[in-house]
Amino acid sequence: MKIFITGGAGYIGSHTCVELLNAGYEVVVYDNLSNSSPQALQRVEKITGKSVQFIQGDIRDETVTTEAIQGCDGVIHFAGLKAVGESVAKPLDYYENNVYGTLCLLRAMQSNNIKTIVFSSSATVYGDPEYLPFDEIHPLRTTNPYGQTKLVIEEILRDLYKSDTSWKIMILRYFNPVGAHESGLIGEDPQGLPNNLMPFVAQVAIGRRESLNVFGDDYDTHDGTGVRDYIHVMDLASGHLKALEALTFPQCTAINLGSGIGYSVLDLVNAFIKATDKPIPFIITPRREGDIAEFYADPTLAKNLLGWSAQRNLDQMCRDTWNFQSQNPQGYV
Ligand code: NAD
Ligand code: UD1
């Protein structure tokens, strides 16, 4: 089986390539490298001892994509822009890249009669919780353009399935991906100031940042700091493999990929200190606008439909993050 992986040079894509290659799939990575380095793919080859076919291209270019995708059996679609704050400042870029790009990809698939797709959605489609944990039937609404692009793409996929019920579509709603491959060869390498907690903590530990700002300690949570459902990126990668394996019959299904456990900012900081023996100086600052107190997944559907559940705990997430960060102090250079 040959799988076309859009955004396969990125953080989650590169880890998923490892998982697929180890399971015997062939992969074709299609990426414009706008937020990634080709080095990640060289390292995927090093980890697996297998070769990765790489095509540098943009999903918004339907003609090139239609040609590149020829001969593939299915698609995992990671390509997209993902920074919430940037999406508020540049909504048109987000709609163009994520929504228009996905339309072009789906047309390229149609032209080649490829009807199997696993799509990277996000827990952000649930918005403020009406109840917790989030299950897949929780109402959907988002509060920013990034989230809106995910929601619109989900709706496009549902409409596409309604129009042609031979499609095999799996929508995966990720919670908070962190960690790195255990080799420390690949991991998350954000450009500029990290938006997300774990990469920021890792950069404080390596000395690239002086201290962590903890955004608020007055939430209604066990220690006042925000609670999230962190999931190891290799668990996420194995979720994609399970999703592909489950697409043996036509469907359009949305599934949460989370651990089901919520940890606070301070839980994560303390786990990181324990796992790495590195001090993490922090200061409490006001809440970040748009943040919610807590969210975590109900992962039951993933267990029932995919036979998947998260295996790696918070200590392992911290250890593997540090392993990548300490071996690659400046990221991929
Ligand atoms: P990433 O930025 O590391 O990877 C995305 C990849 O897509 C990059 O390699 C980038 O160069 C490529 N890309 C972007 N636009 C493209 C285009 N028009 N054509 C071709 N390639 C393009 O991000 P990631 O963390 O690996 O996320 C992968 C997917 O998962 C994204 O769709 C993201 O929205 C989604 N997601 C991520 C998170 C997270 O916290 N990392 C959480 C929920 C959902
Ligand atoms: C962010 C995205 C969300 C995306 C999710 C998973 C925003 C507003 N939301 O959410 O769309 O789906 O990542 O990747 O960007 N924190 C600090 N200090 C920091 C960074 C974060 O205290 O420097 C806190 C936050 O307030 C939050 C927790 O750490 O309580 C996690 O933050 P983050 O990693 O940014 O993830 P989310 O807020 O869940």
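Residues numbered from 1 in each chain as written. Chains lettered and ligands numbered in written order. Predicted model: local features only at pLDDT ≥ 70, side-chain atom pairs only at ≥ 80, totals over all residues. Heavy atoms only, no water.

1. Quick look at the overall build of the chain
- Counting its regular elements, the chain contains 11 helices and 13 strands.
- Taken over the C-alpha trace, the chain has a radius of gyration of 19 Å; the compact-globule value for 333 residues is 20 Å, and the two agree within 12%.
- Over its C-alpha atoms, taken along the principal directions, the chain stretches across nearly 55 × 45 × 40 Å.
- Relative to its full complement of 333 residues, the chain shows a buried share of 54%.
- A fraction of 80% describes how many contacts in the chain between residues 6 or more apart in sequence connect residues 24 or more apart.
- As presented, the chain carries roughly 14100 Å² of accessible surface, and 48% of it is formed by carbon and sulfur atoms.
- Between the averaged position of the 26 positive side-chain charges in the chain and that of its 39 negative side-chain charges there is a distance of 4 Å. (Helix = DSSP H or I, 4+ residues; strand = E, 2+ residues; numbered from the N terminus. Rg over C-alpha atoms; globule rule 2.2 N^0.38 Å. Buried < 20%, exposed > 50% of the residue type's maximum accessible area, 1.4 Å probe, protein only. Contact = heavy atoms within 4.5 Å. Areas by Shrake-Rupley, 256 points an atom, 1.4 Å probe, with all protein chains shown as cover. Lys, Arg positive; Asp, Glu negative; His and termini not counted. Charge placed at Lys NZ, Arg CZ, Asp CG, Glu CD.)

2. What about the packing of helix α1 (residues 11–22) against helix α8 (residues 233–246)?
- Interaxial distance between α1 and α8 falls to 8 Å at its minimum, and their mutual angle equals 60°. Judged by the angle between their axes, α1 and α8 are oblique. Remark: the crossing between α1 and α8 carries right-handed chirality. Here Tyr11, Ile12, His15, Thr16, Val18, Glu19 and Leu20 of α1 lie close against α8, whose contacting residues are Val233, Met234, Leu236, Ala237, Ser238, His240, Leu241 and Leu244.
- Residues of the contact of α1 with α8, tallied by class, amount to 10 nonpolar, four polar and one charged. (Axes fitted to C-alpha atoms, helices over the stretch in contact; angles between N-to-C directions. Parallel < 35°, antiparallel > 145°, perpendicular 65-115°, else oblique. Left-handed = near helix turned anticlockwise from the far one by under 90°. Nonpolar A, V, L, I, M, F, W, Y, C, P; charged D, E, K, R; others polar.)

3. Focus: α8
- For α8, built from 14 residues, the straight-helix expectation of 20 Å at 1.5 Å per residue is met to within 8% by its first-to-last C-alpha distance of 20 Å.
- Most of α8 sits out of view: 12 of its 14 residues are buried. (Expected span 1.5 Å × (residues − 1).)

4. Focus on the environment of Arg288
- Of note, Arg288 is situated in the loop between β13 (282–285) and α10 (300–306).
- Taking the C-alpha atoms as reference, Arg288 lies 9.2 Å from Val214; in sequence the two are 74 residues apart.
- Excluding its chain neighbours within four sequence positions, the residues that come into contact with Arg288 are Asn195, Phe215 and Tyr219.
- Within polar-contact distance, the side chain of Arg288 engages the backbone oxygen of Asn195 at 3.1 Å. (Polar contact = N/O pair within 3.5 Å; in protein donor to acceptor, adjacent residues only side chain to side chain.)

5. Side note on the site of ligand 2
- Neighbouring ligand 2 are 20 residues, the closest being Leu197, Asn213, Arg228, Arg288 and Asp291.
- Between an oxygen atom of ligand 2 and a side-chain N or O atom of Arg288, the distance comes to 2.8 Å.
- Contact distances for ligand 2 include 2.6 Å between an oxygen atom and a side-chain N or O atom of Asp291.
- Burial of ligand 2 by the surrounding chains reaches 88%, relative to a free accessible area of 740 Å².
- Element by element, the count of residues in the shell around ligand 2 is highest for strand β8 (residues 212–215), at four residues.
- Grouping the amino acids of the shell around ligand 2 by side-chain chemistry returns 10 nonpolar, seven polar and three charged. (Near = heavy atom within 4 Å.)

6. Structural notes on the nonpolar core
- In terms of nonpolar packing, the biggest core is built from 41 residues, with Leu20, Val118, Met170, Leu172 and Leu257 touching the most fellow members.
- Within the residue set of this core, elements represented by two or more residues are β1 (2–6), α1, β2 (26–31), α2 (38–48), β6 (168–174), α8, β11 (251–257) and α10.
- Looking at this core element by element, the count peaks at seven residues for α8.
- In contact with Met170, other than residues within four places in its own chain, are Ile117, Val118, Phe119, Ala243, Ala246, Leu247, Gln251, Thr253, Ile255 and Leu306.
- Core analysis: the next-biggest nonpolar cluster, separate from the first, contains 24 residues, Val75, Ile114, Leu160 and Ile169 among them. (Core = buried A, V, L, I, M, F, W, Y, C linked by side-chain atoms within 4.5 Å.)

7. Considering the site of ligand 1
- The immediate surroundings of ligand 1 are formed by 27 residues, with Asp31, Asn35, Ser36, Lys82 and Tyr146 found nearest.
- A distance of 2.8 Å is found between an oxygen atom of ligand 1 and a backbone nitrogen or oxygen belonging to Phe78.
- Between ligand 1 and Lys82 there is a distance of 2.8 Å, counted from an oxygen atom to a side-chain nitrogen or oxygen.
- Notes on ligand 1: free accessible area 820 Å², of which the protein chains cover 95%.
- In terms of residues, the shell around ligand 1 owes the most to one element, strand β5 (residues 116–122), which gives three residues.
- Each residue belonging to the shell around ligand 1 can be placed in one class, and the counts come to 10 nonpolar, 12 polar and five charged.

8. Points about the sheet that holds β11
- Taking strand neighbours across the sheet as the criterion, the seven strands line up as β3-β2-β1-β4-β5-β6-β11 in an open arrangement whose pairing is parallel. Of all strands in the sheet, those with a lone pairing partner are β3 (53–56) and β11, marking the two edges. Each strand of the sheet is rotated relative to its neighbour by a mean of 20°, with strand direction disregarded.
- Sheet topology note: the β2/β3 ladder contains four bridges and is parallel. Following the sheet pairing, Val28 is matched in β3 by Gln53.
- The strands that helix α6 (residues 145–163) touches are β5, β6 and β11; relative to β5, the one it contacts most, it runs at about 150°. (Pairing = 2+ DSSP bridges.)

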